[in-house]
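Topology and contacts: notes
One letter stands for each residue in the lines below.
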4 protein chains.
Amino acid sequence: MSPFLLNILKLFSEKIMSQTTTYQEPLVSRYTSPEMQYLFSAEKKFTTWRKCWVALAEAQYELGLTDIVTPEMIAELKANVNNIDYDIAAQKEKEIRHDVMAHVYEYGLKCPTAAGIIHLGATSQFVVCNTDLIVQREGLLLAKKALLQVISNMAEFCDEHKDLATLGFTHYQPAQPTTVGKRNTLILQDLVMDLNYLDFLLDNIKARGAKGTVGTQATFLDLFKGDHAKVRALDELVAKKLGFSSTFDVTGQTYTRKHDMKLAETLAGIGSTAHKFAVDLRLLSNLKVQEEPFAKNQTGSSAMAYKRNPMRSERMTGLARKLMNLPQNFAATYANQWFERTLDDSAIRRMDIPQCFLLTDAILKLFINISSDMVVFPKQIEKHLRAELPFMSTEKILMEAVEKGENRQDMHELIKEHSLAAGKVVKEEGLDNDLLNRLAEDDRIPFDLDSLLAMITDYTQFTGRASAQTTDYLTEVINPLLQKNSEYMGEIDSSLSV
Amino acid sequence: MSPFLLNILKLFSEKIMSQTTTYQEPLVSRYTSPEMQYLFSAEKKFTTWRKCWVALAEAQYELGLTDIVTPEMIAELKANVNNIDYDIAAQKEKEIRHDVMAHVYEYGLKCPTAAGIIHLGATSQFVVCNTDLIVQREGLLLAKKALLQVISNMAEFCDEHKDLATLGFTHYQPAQPTTVGKRNTLILQDLVMDLNYLDFLLDNIKARGAKGTVGTQATFLDLFKGDHAKVRALDELVAKKLGFSSTFDVTGQTYTRKHDMKLAETLAGIGSTAHKFAVDLRLLSNLKVQEEPFAKNQTGSSAMAYKRNPMRSERMTGLARKLMNLPQNFAATYANQWFERTLDDSAIRRMDIPQCFLLTDAILKLFINISSDMVVFPKQIEKHLRAELPFMSTEKILMEAVEKGENRQDMHELIKEHSLAAGKVVKEEGLDNDLLNRLAEDDRIPFDLDSLLAMITDYTQFTGRASAQTTDYLTEVINPLLQKNSEYMGEIDSSLSV
Amino acid sequence: MSPFLLNILKLFSEKIMSQTTTYQEPLVSRYTSPEMQYLFSAEKKFTTWRKCWVALAEAQYELGLTDIVTPEMIAELKANVNNIDYDIAAQKEKEIRHDVMAHVYEYGLKCPTAAGIIHLGATSQFVVCNTDLIVQREGLLLAKKALLQVISNMAEFCDEHKDLATLGFTHYQPAQPTTVGKRNTLILQDLVMDLNYLDFLLDNIKARGAKGTVGTQATFLDLFKGDHAKVRALDELVAKKLGFSSTFDVTGQTYTRKHDMKLAETLAGIGSTAHKFAVDLRLLSNLKVQEEPFAKNQTGSSAMAYKRNPMRSERMTGLARKLMNLPQNFAATYANQWFERTLDDSAIRRMDIPQCFLLTDAILKLFINISSDMVVFPKQIEKHLRAELPFMSTEKILMEAVEKGENRQDMHELIKEHSLAAGKVVKEEGLDNDLLNRLAEDDRIPFDLDSLLAMITDYTQFTGRASAQTTDYLTEVINPLLQKNSEYMGEIDSSLSV
Amino acid sequence: MSPFLLNILKLFSEKIMSQTTTYQEPLVSRYTSPEMQYLFSAEKKFTTWRKCWVALAEAQYELGLTDIVTPEMIAELKANVNNIDYDIAAQKEKEIRHDVMAHVYEYGLKCPTAAGIIHLGATSQFVVCNTDLIVQREGLLLAKKALLQVISNMAEFCDEHKDLATLGFTHYQPAQPTTVGKRNTLILQDLVMDLNYLDFLLDNIKARGAKGTVGTQATFLDLFKGDHAKVRALDELVAKKLGFSSTFDVTGQTYTRKHDMKLAETLAGIGSTAHKFAVDLRLLSNLKVQEEPFAKNQTGSSAMAYKRNPMRSERMTGLARKLMNLPQNFAATYANQWFERTLDDSAIRRMDIPQCFLLTDAILKLFINISSDMVVFPKQIEKHLRAELPFMSTEKILMEAVEKGENRQDMHELIKEHSLAAGKVVKEEGLDNDLLNRLAEDDRIPFDLDSLLAMITDYTQFTGRASAQTTDYLTEVINPLLQKNSEYMGEIDSSLSV
């Protein structure tokens, strides 16, 4: 083999070897979509920087700096947006320790005509902040798409099981029956709240625009020879070219980090809903009444083939826990920025903004995966319900006894006494609930076993408006919402790699 | 003295003694307004419970349960909303360990006619959740009022100082001049973001309505003999009577705790802005250029009479730090609620919801106090600015030299060299910045000292659009906003007790 | 009644009335012990300040300042440690806005001879920091006492149930049997870790000593006319008199806030163990196999008399959640202290140090209460175990079949197939686990039902060393630990008021 | 080029391309040491798994399972510890979705003789937990080494500047002089506290040992035919072979996650000290009195060549902020583990344990870098000090005046009045402190300007025991500590790549 080839192979080997000898962030290697990963890649960042520079040059030209910026320069800049030599840029950065200037330099190499006007009048944060905001907007739209899919899946699930009576729990103790569909409208409503906050953020996301070193637009005012109107127009025009309808009214060197705090809170909101959902599902899985879908070729461990570990819900729980804790960092970063900007925001945002989005992505992917094919076991649900129904029907039995002329207070005492005894039998003797038998056998109570059983045969009577609420909610809230957002929806690959 | 009086005095003494022998929450004893404290008092809670019961009875009557609920009962209930004997209720609670039932009992004592229909068909959370939401809404309105006052104060401050040039800092190193007014528009903009989120929350706050034990409205459906329409109407009518335009579409036993999470985040947003503001002010105070107002009779310690410790800003910083950390608790509580409700939300909400509001109240009170009378020292500002201006003017000197025909690269090198030397003189010799002298003395540079000084005489030239941005922002954003919200504004007592 | 009496009654009424019209911190009014509350009372604080002043005067006298400090003065100071007129002090504080100086003044009124030497050479933080540390030490000892009681209770529980086989869960899915005692040694071991950290903290807690305004002891060096040895001795002697074996080697104005951070982490450790324990107990309560003690006169709601809501565990969960989040505040406060001290530590410490201790107190009180009388239902445990044992015994059946000469791979496939089918029957048909019947009926498997049942009759065989581990752990770790700490143990009132 | 080569190149290209099109964790690509990165690499993990399997086989052999485990097998296992084909393992994992079993398989391919006894009697967590603990121990030792270097650097710095008087600040307002060395002993003492906690953790870190699926050692008890003593011995022997002096006494499926919580807190402690140090340095940098070292070839931006942005301290601040927030996640994970283990710990630990260590590594690297060559500007320090000294000397002037026979109260009032006037001159007129002139000109005050100046000439008189404390602390605490730990120290590369 030629020495040249050998050298290339050696170089490649080293780069690849390093994948087993250094830490690999598991969010990337395991849990997230290529679309979201790409948003935080070098390529996305640096090509977006170039788009910012193109927008700036165009806007400067359009607003009259035609003696400095020419159509040829703009054309050259546009033609080279994706033409980046990363090694040259990296080399330059090492030398001058300034990433933006290194890329201005590399861009300039590709654009000899325009070299002198790249970044004209701008400060580093012109490309950095605007790119951050563009990436965030795209990330929010990806999250929105996935969130809508979860809402759609859950709505379908609610509709399908709106009439399926199940034990409602308070204190994780059986309380009163509800239905499987109704219970899940609670999650649905929380997801809609998440979506509302996400939309509120999307509605309010702005460009950083063209503001200068400390936000005074001084260099641009010089460029436009003191013409304030043109400098304002430049700010707005650049924003528009980058796809924003407005810019932050005022900035320091960067846009306000309060925005980041709100961003993190919005995404953490999604995490918290996923957490509640996943914990409930893990409990249901223990009760053997509801499960996450189980992959065809997936088996439990060989010794315990039957086991159905709710691993996706567990993973979702852990990822959500991390996501829910990230807003703290953003709050502290914002609250400790001094004056026009301090750089203690840099390293932490570099880690935490991607983490927020990647965690959201991983969580929603899991959420779609689970919600698309949840398994429900109606017979088990009924079994649990029947074991507790006698207790839950005591109010009804009491009322009917009173209607038959019995004394309410006496009946209440009797029923209570038998209830406690039946509860004791279940717990202390490990036997089935025998409350109805006890009541039937007590002569003071005016019902035989058949009458008592009849009272609870149709247990849907205990579920009140659960089914109707579900239908109302889907019809009046969810369906219109999905329709309104149909343009944001689309295919999502929710297959899990590990 | 009569034994009776002695006994009363003894009892009173014990109750008051306990104020020195048990822990007193400092938020109450030191920092907050009586209005906000009252919202979280026993009286507010229990009278609001009664208002919920009145609303329920009225709605039931209006929707046709006229055979059960009568106008007399309603009148009696209304007449006794404020007529509470707390000792009886406390005694009853101790006995049956159920606060709601204890108050149903005590209310019943006062309303013998209506006793049987108090709380009819309802579950404890009917009064608890609805009252929580009513209190929150009123707390948010108090916060909004105070927030608007801060915005108004800061707007006035920005306007007054919009032209006052000052050092802009990045990395807390002098960067480029801005103006005092412009700098403070950054805080103003953040406060407006806080207000937007507060308004978004207020727009979306809903009643819990009449939903039943696990949210199925089963008991109400029984009461209305299966008439779904009436049960829906009941839910909405109760909400309306309690001042809400809508209710949560679906609930478990309680309204979704995600709402609490959003509540806490919204208030923490205010805290974070206050934190940034306070830290900046503490730094400015060290620079002796800007200060919080200093009370007439306030002196520093006797030995250091001249000292002006920024104690209010420091307190604000600490209170804000605590407030900013509270959303975590709400997120964890929400995310760990199991099914229709678990009670691990109870003790923590009982502490943290008041804490959120009281901290916000204390912070805004401080913020109003400080912003209403901040002290600025223009001469000190100018002194700092003049010490750094030579450095900041190098770009301008370079440009003018080039216009005079000098070689840009040569000039750049010369100026850089002298800049570094001058920087050294300042730090290493503790002397004043002598850059202009150095440049004037260098024959290669085509300016004498007078020319150089002339270039920086009018240093407002370096502040770009700072003043104009301030005016634009106040005119286009703040003034309309204050006008639109004038109904929410009013007198606020921001005097500090300690 | 005399106008004088009327006035007193009016004053008293106002003070008491305020208890219903302002916020009352629920930690105090509901959950904590009087001992812990007292530690954070005004009386504790101000009498301890006086003890610090006594210690200082004594030490100054003993180290030779006999011309300034006299035995009479010391005697007078000692005699008035508890003789505080809070109203005078409060009045003075309002006037001069300085709490320490206000109490110097009030103490001086009571000690006319010593008035001039109270606080001699000291700065406010001399009393404030030293008092904080004394209170913390006493609070830690109270926590230690309670923690030891929990450990003792849990040890007894483990011992009692060390042989009681129960389902072990992973993923909250039945995994392999363990025993009730063994499971609870896990909590025991965590409690011991908490105790170790608590002891480590107690071993390292130090006085702030006598250090001066910025920690340089300048005023004391003046007092002792430049005698360094005496100033060092003063620092140590004061500490010794206040019960500490050492002082912080160096301080700024205050002792390092890193200590507070470690304090909060140590207490939060206890909270986290309580949280894990309480969540497990709430799950066990749902399974009806283990319960918190149920008060004699406690009933569930009237309609659901049988219900056993695990309210104490739920409360413990919520309180622990709050406690676990507090270290964040201390970390942020420490990390943002500037130079010798900034006052942003004041308000937040004033709230959060009491909260840490009061939450710990409330949690440990609940923990003692629950662990002293936990209810176990062996029959229910057995029922759950028997339902899953067939699955868990497949490994054993496989081995025995192989010993009988069957082919391992064939047997494995057969058993797996029947396992999956049996699992399906349970979930999809809501019936009992029929795996053993299926195996018995399959001719390819060389066992009849009786043989299969025999294999699982003695299910303790599946619990491995669970019981032995429990005994070992109790014998080798817990018992020696309790013995070693017997002096720290004592009666604790763990009755709950609400 | 041959098709084979082309294919390889294509494959390599894809792998490398992905480095620009997916997210790269900046902790790895920018801030951390190869040693720490390696600890969290695939190679470290999987070779350590194999060492666990070797230890298990050896221990089983030594404890008598010689009929199952042979010396040949052990030799084979040992020979192949580093002989891993990652692609085969990855392929197998994809198939069976079980990483441990995939590696058992791949190891078995390399060890045909031993294949059957790899992982004998063990559960996945045998290798996973023990490896985690081994990696943590090594990570802690790396952190300890770096921490000791920081302590050593800071000690040298303290010693060098122990006599250099400087303004001490409280409220970030000049309070009393201290010395540069003394101030930095505060950080030193905090670092020692961090080291103490780190050592405490290292002293208490244990192996997970050989415990089985739910911690009962059931399978091992079977293997050793009921011999409890041998199973205990196995647990301990394996631990010893892995370098631990003890094992956790009891475990569930995993070791207790409380340990992780303590681990995170310990490392966060280091972060918090770094945060305080870095913030102070950033403030000092603004005051132009102290700076982080400035790289030779590093320049500020071209327009502001003189600028010395404290970028390393700013980065340290941000990284520390993130590190300080991570313990929350571990607390929540631990507190929400159900029974013997739930898997919601997996994804979050996989991210957060590396993050804790990598952040600590990055922070300590920065800390070493900065502390090894900090720049101090004595002249600037003196300038600041002289500007404030007149205020600080008022106490001394007062005392000397009283000694001269003046009335204390009169003098106090006069001095206070002039102090306030002088303070006003500085702030309101931007002029220098003229207090001494004012006092000299006031005939009521018995000193002329020379006498007054003389009083403050030797300003070291105001620094009390600052220098002596520094010497004491270095001599009595730091030097012995460094000596005691000399074996843990060594060369550390603290050069920064970006």
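Residues numbered from 1 in each chain as written. Chains lettered and ligands numbered in written order. Predicted model: local features only at pLDDT ≥ 70, side-chain atom pairs only at ≥ 80, totals over all residues. Heavy atoms only, no water.

Labelled according to an unreviewed UniProt entry, chain A appears under the name Adenylosuccinate lyase, originating from Desulfotalea psychrophila. Taken verbatim from the UniProt record of chain A, the Sequence similarities (unreviewed entry) comment is "Belongs to the lyase 1 family. Adenylosuccinate lyase subfamily." (UniProt positions renumbered as here; feature names shortened; annotations may be inferred.)

**As for the overall build of chain A**
Of the regular secondary structure elements, chain A holds 21 helices and 4 strands. By the compact-globule yardstick of 23 Å for 498 residues, chain A is too spread out, its C-alpha radius of gyration being 31 Å. Overall, the C-alpha framework of chain A stretches about 105 × 65 × 40 Å when taken along its three principal axes. Burial analysis of chain A (498 residues in total) assigns 66% to the buried set. When the accessible surface of chain A is summed, it comes to about 17,500 Å², and 51% of that surface belongs to carbon and sulfur atoms. (Helix = DSSP H or I, 4+ residues; strand = E, 2+ residues; numbered from the N terminus. Rg over C-alpha atoms; globule rule 2.2 N^0.38 Å. Buried < 20%, exposed > 50% of the residue type's maximum accessible area, 1.4 Å probe, protein only. Areas by Shrake-Rupley, 256 points an atom, 1.4 Å probe, with all protein chains shown as cover.)

**With respect to the environment of Phe391 of chain B**
All names here are of chain B. Inspection of the secondary structure puts Phe391 in helix H16 (residues 378-392). Residue Phe391 is classed as buried on the basis of its relative accessible area of 2%. Measuring from C-alpha to C-alpha, the distance between Phe391 and Ala175 comes to 9.3 Å, with 216 residues separating the pair along the chain.

**Some details on the pairing of strand S1 (residues 165-170) of chain C**
Residue and element names in this part refer to chain C. The buried fraction of S1 is high, at 6 of 6 residues. In the sheet, S1 pairs with strand S2 (residues 173-179) via 5 bridges, with the strands oriented antiparallel. Bridged to Thr166 within S2 is Thr178. Taken together, S1 and the strand that follows it, S2, pair antiparallel across an intervening segment of 2 residues, in which His171 is found at a positive phi of about 60°. (Pairing = 2+ DSSP bridges.)

**Let's talk about the interface of chain C and chain A**
Counting residues at the interface gives 49 residues for chain C and 49 residues for chain A. Across the chain C-chain A interface, the total number found is 6 salt bridges. Mapped by element, the contributors of at least two residues to the side of chain C that touches chain A are S1, S2, helix H12 (258-286), helix H13 (311-335), helix H15 (378-392), helix H16 (394-403) and helix H17 (408-429) of chain C. Per element, the largest residue contribution to the side of chain C that touches chain A is 8 residues, and it comes from H17 of chain C. (Contact = heavy atoms within 4.5 Å. Salt bridge = Lys/Arg side-chain N within 4 Å of Asp/Glu carboxyl O.)

**Side note on the side chain of Gln136 of chain D**
All names here are of chain D. Among the structural elements, Gln136 can be located in helix H8 (residues 124-160). The class for Gln136 is buried, based on a relative accessible area of 1%. For Gln136, the contacting residues outside a window of four places in its chain are Ile205, Tyr255, His259, Asp260, Leu263, Arg349, Ile353 and Phe357.

**Side note on the relation of the copies chain A and chain B**
If you rotate chain A by 180° and push it 0.0 Å along the axis, it lands on chain B with an RMSD of 0.1 Å. Taken together, the rotation angle and the small translation identify this as a two-fold axis. Comparing interface residues between copies, 100% of those in chain A also sit at the interface in chain B, which points to an isologous, same-surface contact. (Least-squares fit on C-alpha atoms with pLDDT ≥ 70 in both.)

**Looking at the relation of the copies chain C and chain A**
For the pair chain C and chain A, the best superposition has an RMSD of 0.1 Å and corresponds to a rotation of 180° with a translation of 0.0 Å parallel to the axis. A shared binding surface is used by both copies, with 100% of the interface residues of chain C retained as interface residues in chain A.

**Some remarks on the domain arrangement of chain A**
All names here are of chain A. Under the domain assignment, chain A is made up of domain 1 (33-117), domain 2 (124-380) and domain 3 (393-463). Spacing between the C-alpha centres of domain 1 and domain 2 amounts to 30 Å. Opposite the 25 residues of domain 1 that make contact, domain 2 presents 29 residues. Here domain 1 packs against domain 2, burying approximately 2,400 Å² in sum over the two surfaces, 77% of which is carbon and sulfur. The closest approach of N and O atoms between Glu58 and Lys241, which form a salt bridge, is 3.3 Å. At the junction of domain 1 with domain 2, the criterion picks out 5 residue pairs in polar contact (both at pLDDT 80 or more). Counting only elements with at least two residues in the side of domain 1 that touches domain 2, the list comes to helix H3 (34-39), helix H4 (42-62) and helix H7 (99-110). Looking at the side of domain 1 that touches domain 2 residue by residue, the classes come out as 13 nonpolar, 5 polar and 7 charged. (Domains from an automatic or database assignment. Buried area = accessible area lost by both parts, 1.4 Å probe. Polar contact = N/O pair within 3.5 Å; in protein donor to acceptor, adjacent residues only side chain to side chain. Nonpolar A, V, L, I, M, F, W, Y, C, P; charged D, E, K, R; others polar.)

**A closer look at the interface of chain A and chain B**
Note on interface size: it is often stated as the accessible area lost on association of the parts. With 80 residues of chain A at the contact, the number on the chain B side is 80 residues. Both sides together, the interface formed by chain A and chain B hides about 7,200 Å², and carbon and sulfur atoms give 59% of it. One can count 8 salt bridges joining chain A with chain B. Where chain A touches chain B, the interface holds 54 residue pairs in polar contact (both at pLDDT 80 or more). Here the side of chain A that touches chain B takes 16 residues from helix H12 (residues 258-286) of chain A, the largest share from any one element.

**A look at the pattern of salt bridges**
According to the stated counting rule, one finds 130 salt bridges over all chains in the structure shown. With its nearest N and O atoms 2.7 Å apart, the salt bridge here joins Asp260 of chain A to Arg349 of chain A. With Asp260 of chain A in helix H12 and Arg349 of chain A in helix H15 (residues 346-371), the pair connects residues that are 89 residues apart, well separated along the chain. Among the residues examined, Asp260 of chain A registers a relative accessible area of 1% and is labelled buried. With a shortest N-O distance of 3.8 Å, Lys396 of chain D and Glu400 of chain D are connected by a salt bridge. Pair noted here: Lys396 of chain D and Glu400 of chain D are both in helix H17 (residues 394-403), with a separation of 4 residues, about one helical turn. Put simply, Arg232 and Glu236 of chain A together with Arg465, Asp472 and Glu476 of chain B are held in one network by salt bridges that share partners.

**Side note on the side chain of Arg183 of chain B**
Looking at the element boundaries, Arg183 of chain B is found in helix H9 (residues 180-204). Polar contacts involving the side chain of Arg183 of chain B include one to the side chain of Glu340 of chain A, which spans 3.1 Å. Once you skip the residues sitting within four places of it in the chain, Arg183 of chain B turns out to touch Phe339 and Glu340 of chain A together with Thr166, Leu167, Gly168, Phe169, Thr178 and Leu284 of chain B.

**A few points about the packing of aromatic side chains**
Aromatic ring pairs are defined here through the distance separating the ring centres and the angle between the ring planes. Under the defined criterion, the tally for this structure stands at 54 aromatic pairs over all chains. Of the aromatic side chains, those joined through ring pairs into one cluster are Phe169 and Tyr172 of chain A, Trp338 and Phe339 of chain B, Phe169 and Tyr172 of chain C together with Trp338 and Phe339 of chain D. In this structure, Arg137 of chain A is placed above the aromatic ring of Phe244 of chain A, and the distance from its NZ or CZ to the ring centre is 4.2 Å. Sitting over the ring of Tyr488 of chain D, Lys144 of chain D keeps its end group 3.7 Å from the ring centre. (Phe/Tyr/Trp six-rings, centres within 6.5 Å; stacked < 30°, edge-to-face > 60°. Lys NZ or Arg CZ within 6 Å of the ring centre and 35° of its normal.)

**Re the packing of helix H13 (residues 311-325) of chain B against helix H14 (residues 327-335) of chain B**
All names here are of chain B. Their axes nearest at 4 Å, the elements H13 and H14 cross at an angle of 15°. By the angle class used here, H13 and H14 are roughly parallel. Seen from H13, the contacting residues are Leu323, Met324 and Asn325; seen from H14, they are Pro327, Gln328 and Asn329. Per-class residue counts for the contact of H13 with H14 are 3 nonpolar, 3 polar and no charged. (Axes fitted to C-alpha atoms, helices over the stretch in contact; angles between N-to-C directions. Parallel < 35°, antiparallel > 145°, perpendicular 65-115°, else oblique.)

**Let's talk about the confidence of the model for chain A**
When pLDDT is averaged across chain A, the result is 92; 94% of the residues are at 70 or more. Two numbers describe this predicted complex: its pTM, 0.96, and its ipTM, 0.95. (pLDDT = per-residue confidence, 0-100.)

**Observations concerning helix H21 (residues 466-484) of chain D**
Over its 19 residues, H21 of chain D extends 26 Å from the first C-alpha to the last, a length consistent with the 27 Å expected when each residue adds 1.5 Å. Along its length, H21 of chain D shows its largest kink, about 40°, at Leu474 of chain D. Here H21 of chain D has its buried residues at Ala466, Ser467, Gln469, Thr470, Asp472, Tyr473, Leu474, Ile478, Leu481 and Leu482 of chain D. For H21 of chain D, the elements touching its buried residues are helix H11 (228-241) of chain C together with H8, strand S2 (173-179) and helix H9 (180-204) of chain D. (Expected span 1.5 Å × (residues − 1). Bend = angle between axes of the 7 residues up to and from the residue.)

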